[in-house]
Amino acid sequence: MAGSTNTLGGQSDDVPSGVTDHELTSSTSSLLLGTMVTTHVTNHSIVDMVTEKPFGEFLEVKVAVLLERIYIPILVAVGVPCNFLCFVTLVFTSLRNTSTCVYMAAIAVLDCVILIHSLCIQISRYLGHAEYYMYNDWNCGFQHFLFYFAIHFDVLLLLAMTVDRFIVVRFPLKAQRLCTPKSAIKVIIGLGIFSFALNFQIFFNRRLVPTGRSEDPLRCWYPEGEIKTFMEKIYTIIDATIYSFIPFLSLLTLNLLIIRQLNQSSKFSRQFTEGQGGNNMNESAVGDTKKAKANTNITLMLLMVSFTFLGLTSPIVIMYLYQRYNRQIKTNAERAEYRIILVVMENVMYSNHAVNFLLYSISGRRFRQELKQFLTRICWRQ
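Just so it is clear, the model here is predicted, and its values are computed rather than measured.

1. Observations concerning unusual backbone geometry
In step 1: We note that Met 134 has phi near 55 degrees; this positive angle belongs to a residue other than glycine.
In step 2: Tracing the chain through its elements places Met 134 in the loop between helix 5 (129–132) and helix 6 (137–170).

As structure tokens, then:
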């Protein structure tokens, strides 16, 4: 991304000269997989770039900087209000009586935190780390702790929500006891404590360290020594596993099982309706049918959210894995090409935290109804 830092605290790669490969590959926004890439790239010698075109003059770099300056502010301006609408609709209407919607409300809050942090990153790049963090190590550590806490908490809630919905679809009788709003709140608290414990060390380990550059003498990163080695070698694997590998495999598997179960339930429902003589169903059967439709509607919302997460976060993971094992960046031209691809992938990934309102509105008939009724009540009170 453009500027002087990123969510990992790595320096920018749009500096015309003197930019190391570490600074280039550390520009990832959400995954410490970027540091894994860094380790791979820095194991190779840097070619002599004296006769090459300066990095900052490549069209790809200029386009990448322009994309960041335009896209992230727009994404935040749209995503934060939409997530707020999601939260109030899910919490202050009858939707709060559904465990899945309790998870969705918590995710909306975390999405706001992540989007606001992405904008703060942009601001820090133009102000400089020293000025943005007010020369305060604790400010640097807290902001990055909050970001990693939010992204891990967010994806774990999505995974928990999917497990919850799978139980509802596959084991409806057990769901009445296991999948309640109270149980959802307990799971949310538990996952919050886990995410807090996993990332709290960042608050103490992330510091303003010298860069050796006069234009931006400090950056928010890890000091040399055992801490830096641990964060770049061990924590990167933990981060990638929690944010990407486990959720990707789990969500894909669970969602396919949910779709399969929905198809089986749909066939059974049609057969049951035909066996009851169509319109001759008793009141109990009608009630069960309405409840099944409501559950199906909420499940469809979840499926859209889950597959959107997979679709928007997978490209950046795939890119890092490809870069990690198959490609070496040696020239400014290659770095400029990598730069534009990275920015596009990062922006796609950030979009995941701004589109849930749209997904709920498209797939959730009940969500639309509750939102309309809620806004109507607010307008009448005015």
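2. Regarding the nonpolar core
In step 1: The biggest cluster of nonpolar side chains holds 73 residues, and the ones touching the most others in it are Leu 90, Leu 157, Leu 158, Tyr 350, Tyr 360 and Phe 367.
In step 2: Looking at which element gives the most residues to this core, the answer is helix 6, with 16 residues.
In step 3: Those residues in contact with Phe 367 that sit more than four places away from it in its chain are Cys 86, Thr 89, Leu 90, Leu 95, Met 301, Phe 357, Tyr 360 and Ser 361.

3. What to know about the state of the cysteines
In step 1: Under the criterion given, the structure shown has one disulfide.
In step 2: The partner cysteine of Cys 140 in its disulfide is Cys 220, sulfur to sulfur 1.8 Å. The sign of the 80 degrees torsion about the S-S bond sets the Cys 140-Cys 220 disulfide as right-handed. Of the two residues, Cys 140 is situated in helix 6 and Cys 220 in strand 2 (residues 218–221); the sequence distance between them amounts to 80 residues.
In step 3: Of the residues examined, Cys 220 reaches a relative accessible area of 0% and is grouped as buried.
In step 4: Not part of a disulfide, Cys 112 finds its nearest cysteine sulfur in Cys 86, a span of 8.7 Å.

4. Considerations on the pattern of salt bridges
In step 1: Overall, the coordinates contain two salt bridges when judged by the stated rule.
In step 2: Residues Arg 339 and Glu 68 are paired through a salt bridge, measuring 3.6 Å at the closest nitrogen-oxygen approach. Of this pair, Arg 339 sits in helix 11 (residues 332–351) while Glu 68 sits in helix 3 (residues 59–91), and the two are 271 residues apart along the sequence.
In step 3: Taking the relative accessible area as the measure of exposure, Arg 339 reaches 0% and is therefore buried.
In step 4: By relative accessible area, Glu 68 is classed as buried at 0%.
In step 5: Linking Lys 228 and Glu 224 is a salt bridge whose minimum nitrogen-to-oxygen distance equals 2.9 Å.

5. Some thoughts on the packing of aromatic side chains
In step 1: Under the defined criterion, the tally for this structure stands at 20 aromatic pairs.
In step 2: Between Tyr 148 and Tyr 235, the aromatic rings sit 6.2 Å apart at their centres with planes inclined by 85 degrees, giving edge-to-face as the arrangement. Note that Tyr 148 is positioned in helix 6 and Tyr 235 in helix 9 (residues 226–275), a separation of 87 residues in sequence. When sorted by exposure, Tyr 148 lands in the same class as Tyr 235, which is buried.
In step 3: Ring geometry for Phe 203 against Phe 204: centres 5.1 Å apart, planes inclined by 80 degrees, an arrangement best described as edge-to-face.
In step 4: For Phe 204, a relative accessible area of 40% corresponds to the partly exposed category.

6. Some thoughts on the environment of Glu 224
In step 1: Along the chain, the position of Glu 224 falls in the loop between strand 2 and helix 9.
In step 2: Of the residues examined, Glu 224 reaches a relative accessible area of 68% and is grouped as exposed.
In step 3: In this structure the C-alpha to C-alpha distance between Glu 224 and Val 209, which are 15 residues apart in sequence, comes to 8.9 Å.
In step 4: At 2.9 Å, the side chain of Glu 224 and the side chain of Lys 228 are in polar contact.

7. Focus on the confidence of the model for the protein
In step 1: This prediction gives the protein a mean pLDDT of 79; 77% of its residues lie at or above 70.
In step 2: The secondary-structure element of the protein with the lowest mean pLDDT is helix 1 (residues 21–25), recorded at 36, while helix 8 (residues 181–205) shows the highest, at 96.
In step 3: Here residues 1–49 is modelled with pLDDT under 50, and outside its nearest four sequence neighbours on either side it reaches 170 contacts, counting other chains as well.

8. Here's the deal with the pairing of strand 2
Across a regular strand the side chains alternate sides, sitting on one face of the sheet and then on the other.
In step 1: The alternating pattern of strand 2 places Leu 218 and Cys 220 and Arg 219 and Trp 221 on opposite faces, both of which are buried.
In step 2: The pairing of strand 1 (residues 207–210) with strand 2 spans four bridges and is antiparallel. Residue pairing for strand 2: Val 209 is matched across the bridge by Arg 219.

9. Looking at the environment of Leu 312
In step 1: Within the secondary structure, Leu 312 is located in helix 10 (residues 283–326).
In step 2: Look at Leu 312 and you get partly exposed, because its relative accessible area is 21%.
In step 3: Apart from residues lying up to four places away in sequence, Leu 312 is in contact with Val 348, Met 349, Ser 351, Asn 352 and Val 355.

Parameters and conventions
- Residues numbered from 1 in each chain as written.
- Predicted model: local features only at pLDDT ≥ 70, side-chain atom pairs only at ≥ 80, totals over all residues.
- Heavy atoms only, no water.
- Helix = DSSP H or I, 4+ residues; strand = E, 2+ residues; numbered from the N terminus.
- Core = buried A, V, L, I, M, F, W, Y, C linked by side-chain atoms within 4.5 Å.
- Buried < 20%, exposed > 50% of the residue type's maximum accessible area, 1.4 Å probe, protein only.
- Contact = heavy atoms within 4.5 Å.
- Disulfide = S-S within 2.5 Å.
- Salt bridge = Lys/Arg side-chain N within 4 Å of Asp/Glu carboxyl O.
- Phe/Tyr/Trp six-rings, centres within 6.5 Å; stacked < 30°, edge-to-face > 60°.
- Polar contact = N/O pair within 3.5 Å; in protein donor to acceptor, adjacent residues only side chain to side chain.
- pLDDT = per-residue confidence, 0-100.
- Pairing = 2+ DSSP bridges.

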